[in-house]
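A structural walkthrough
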Amino acid sequence: RKKSGYEIETLTNWLLKQEQTGTIDAELTIVISSISMACKQIASLVQRASISNLTGVQGAVNVQGEDQKKLDVVSNEVFSSCLRSSGRTGIIASEEEDVPVAVEESYSGNYIVVFDPLDGSSNIDAAVSTGSIFGIYSPNDECFADTEDDGTLDSAQQRCVVNVCQPGNNLLAAGYCMYSSSVIFVVTLGKGVYAFTLDPMFGEFVLTQEKIQIPKSGKIYSFNEGNYQLWDDKLKKYMDDLKDPGPTGKPYSARYIGSLVGDFHRTLLYGGIYGYPRDKKSKNGKLRLLYECAPMSFIVEQAGGKGSDGEKRVLDIEPTEIHQRVPLYIGSTDEVEKLEKYLA
Ligand code: P6P
């Protein structure tokens, strides 16, 4: 059939194609579609934050001990309600929730979705890029989130935590939505990485990049060097050597916006390395394994790169608790391997 020339591929018809080819089933198609719907809503909220008085703090502290921004709370509610109304989500685990929540409205699919609804939200008030990150695990037997009177987790809730605490190797799908000069939805179903750009003209994510491959190397490093004095000596040596102009006369370039999704997306497209090391004040680093490091590591490996905790693959790490933190070094294979050699 001759193409009309006006045929654009939206996320919706791309997902339907993946279903037709058996890459994913109808239930998972619906879950990812509901996530993209949440991201569109959050994009709109973020872009109008100052107009609708949604900047600033909520006045509460989350389980991470961080001041919740108003948009952290709203984004979490948007994500949770889109997943609930999908009817295919069994359990949700959010950076903004103390414990995983079993979804009563689930009637099929029962997928487990882990997410950070608005990562980098401290950047919102200055309109610097932020993002949502998600990972989807295979369904598990129903478990109903409940707690004993004294607030401790009952056995059903413990089962929820066990169901959610799976290694990144089990991920069926992972992705993020970056809220920046463009709103870009990036997803992998285990067969390559695809990027979709939100076309505000008709409110749909349009396919803009297929089978993204991260450059094998790249002379851009993305670390918060403010922590340099808190790092161990091997890491300091690595960082010092990046600054050595060497025979080319050109040292590495530093790029760091303090928002994992923005720093990661640039690394994915341009190459280089993003790192959030352990340090004297945070012995396991700052980033959370379940809904930040594992989904990003799945994506980067699908693009031919590496995600490491400095010694081993992030995807091999078996989580023991929902909000577990791990050091993260992620990006071009040559750059991550170089870092690992320094830390060995
Ligand atoms: P720091 C945002 O709070 C975040 O979780 C990531 O998005 C970001 O890369 C990192 O923390 C920034 O942390 O300590 O450099 O401000």
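Conventions used here
Residues numbered from 1 in each chain as written. Predicted model: local features only at pLDDT ≥ 70, side-chain atom pairs only at ≥ 80, totals over all residues. Heavy atoms only, no water. Helix = DSSP H or I, 4+ residues; strand = E, 2+ residues; numbered from the N terminus. Rg over C-alpha atoms; globule rule 2.2 N^0.38 Å. Buried < 20%, exposed > 50% of the residue type's maximum accessible area, 1.4 Å probe, protein only. Contact = heavy atoms within 4.5 Å. Areas by Shrake-Rupley, 256 points an atom, 1.4 Å probe, with all protein chains shown as cover. Lys, Arg positive; Asp, Glu negative; His and termini not counted. Charge placed at Lys NZ, Arg CZ, Asp CG, Glu CD. Arc of directions from axis to C-beta. Polar contact = N/O pair within 3.5 Å; in protein donor to acceptor, adjacent residues only side chain to side chain. Pairing = 2+ DSSP bridges. Axes fitted to C-alpha atoms, helices over the stretch in contact; angles between N-to-C directions. Near = heavy atom within 4 Å. 1 Å grid on protein atoms, 1.4 Å probe; cavity = no way out; pocket = protein on both sides within 12 Å on 5 of 7 lines; lining within 4 Å. Sits in = over half its atoms within 2 Å of the grid points. Nonpolar A, V, L, I, M, F, W, Y, C, P; charged D, E, K, R; others polar. UniProt positions renumbered as here; feature names shortened; annotations may be inferred. Salt bridge = Lys/Arg side-chain N within 4 Å of Asp/Glu carboxyl O.

1. Overview of the overall build of the chain
- A count of helices and strands for the chain gives eight helices and 15 strands.
- For a compact globule of 344 residues, the expected C-alpha radius of gyration is about 20 Å, and the chain comes in at 20 Å, within 12% of that figure.
- Along the first, second and third principal axes, the C-alpha atoms of the chain reach 65 × 60 × 40 Å.
- Among the 344 residues that make up the chain, the fraction classed as buried is 55%.
- Sequence separation of 24 or more characterises 64% of the internal contacts of the chain that already satisfy a separation of 6 or more.
- On the chain, roughly 14900 Å² of surface is accessible, and the fraction owed to carbon and sulfur atoms is 51%.
- Counting 34 positive and 47 negative side-chain charges, the chain places the averaged centre of each group 9 Å from the other.

2. Looking at helix α5 (residues 233–242)
- If you check which residues of α5 are buried, you get Leu 235, Lys 236, Tyr 238, Met 239 and Leu 242. Burial along α5 is one-sided: seen end-on, the buried residues are contained in an arc of 160°.
- Where the residues of α5 are buried, they touch β11 (220–222), β13 (273–276), β15 (328–331) and α8 (333–343).
- Capping the start of α5, Asp 232 holds a side-chain oxygen 3.1 Å from the backbone nitrogen of Lys 234, two or three residues further along.

3. Remarks on the sheet that holds strand β10 (residues 204–209)
- Taken together, the eight strands give an open sheet; going across it, the order is β4-β3-β5-β6-β7-β8-β9-β10, and neighbouring strands pair in mixed fashion. Each end of this open sheet is capped by a strand with a single partner; those strands are β4 (101–102) and β10.
- Relative to strand β8 (residues 183–188), strand β7 (residues 173–179) runs antiparallel, the two being bridged by six bridges. Looking at the pairing, Met 178 lines up with Ile 184 of β8.
- Of the strands in this sheet, β3 (89–94), β4, β5 (111–119) and β6 (130–137) are in contact with helix α3 (residues 70–86), which crosses β5 at around 155°.
- The sheet strands contacting helix α4 (residues 155–164) are β3, β4 and β5, and the helix crosses β3 at an angle near 80°.

4. Section: the sheet that holds strand β12 (residues 253–254)
- Taken together, the five strands give an open sheet; going across it, the order is β12-β11-β13-β15-β14, and neighbouring strands pair in mixed fashion. Among the strands making up the open sheet, the edge pair consists of β12 and β14 (306–308).
- Bridging between β11 and β12 involves two bridges; their strand directions are parallel. Each bridged residue has a counterpart across the sheet, and for Tyr 221 the counterpart in β12 is Ala 254.

5. Looking at the site of the ligand
- As a structural note, the neighbourhood of the ligand is formed by 13 residues, with Asp 119, Tyr 256, Leu 260, Tyr 274 and Tyr 276 the closest of them.
- Tyr 274 is positioned such that a nitrogen or oxygen atom in its side chain is 2.8 Å from an oxygen atom of the ligand.
- Separating an oxygen atom of the ligand from a side-chain N or O atom of Tyr 276 is a distance of 2.6 Å.
- Judged by the proximity of its atoms to the pocket grid, the ligand belongs to the largest pocket.
- Here the shell around the ligand is composed, by residue class, of five nonpolar, four polar and four charged.

6. Some details on the UniProt feature "domain: Fructose-1-6-bisphosphatase class 1 C-terminal" (unreviewed entry) in the chain
- Under the local residue numbering, the UniProt record ascribes the feature "domain: Fructose-1-6-bisphosphatase class 1 C-terminal" (unreviewed entry) to residues 214–343.
- Here residues 214–343 runs as 35% helix and 12% strand, with 23 Å between its end C-alpha atoms.

7. Side note on the pattern of salt bridges
- This structure, assessed with the given rule, holds 16 salt bridges.
- We note a salt bridge from Glu 225 to Lys 243, for which the minimum N-O separation is 2.4 Å. Residue Glu 225 is found in the loop between β11 and α5, and its partner Lys 243 is found in the loop between α5 and β12; the two are separated by 18 residues along the sequence.
- Using a relative accessible area of 27% as the deciding quantity, one classes Glu 225 as partly exposed.

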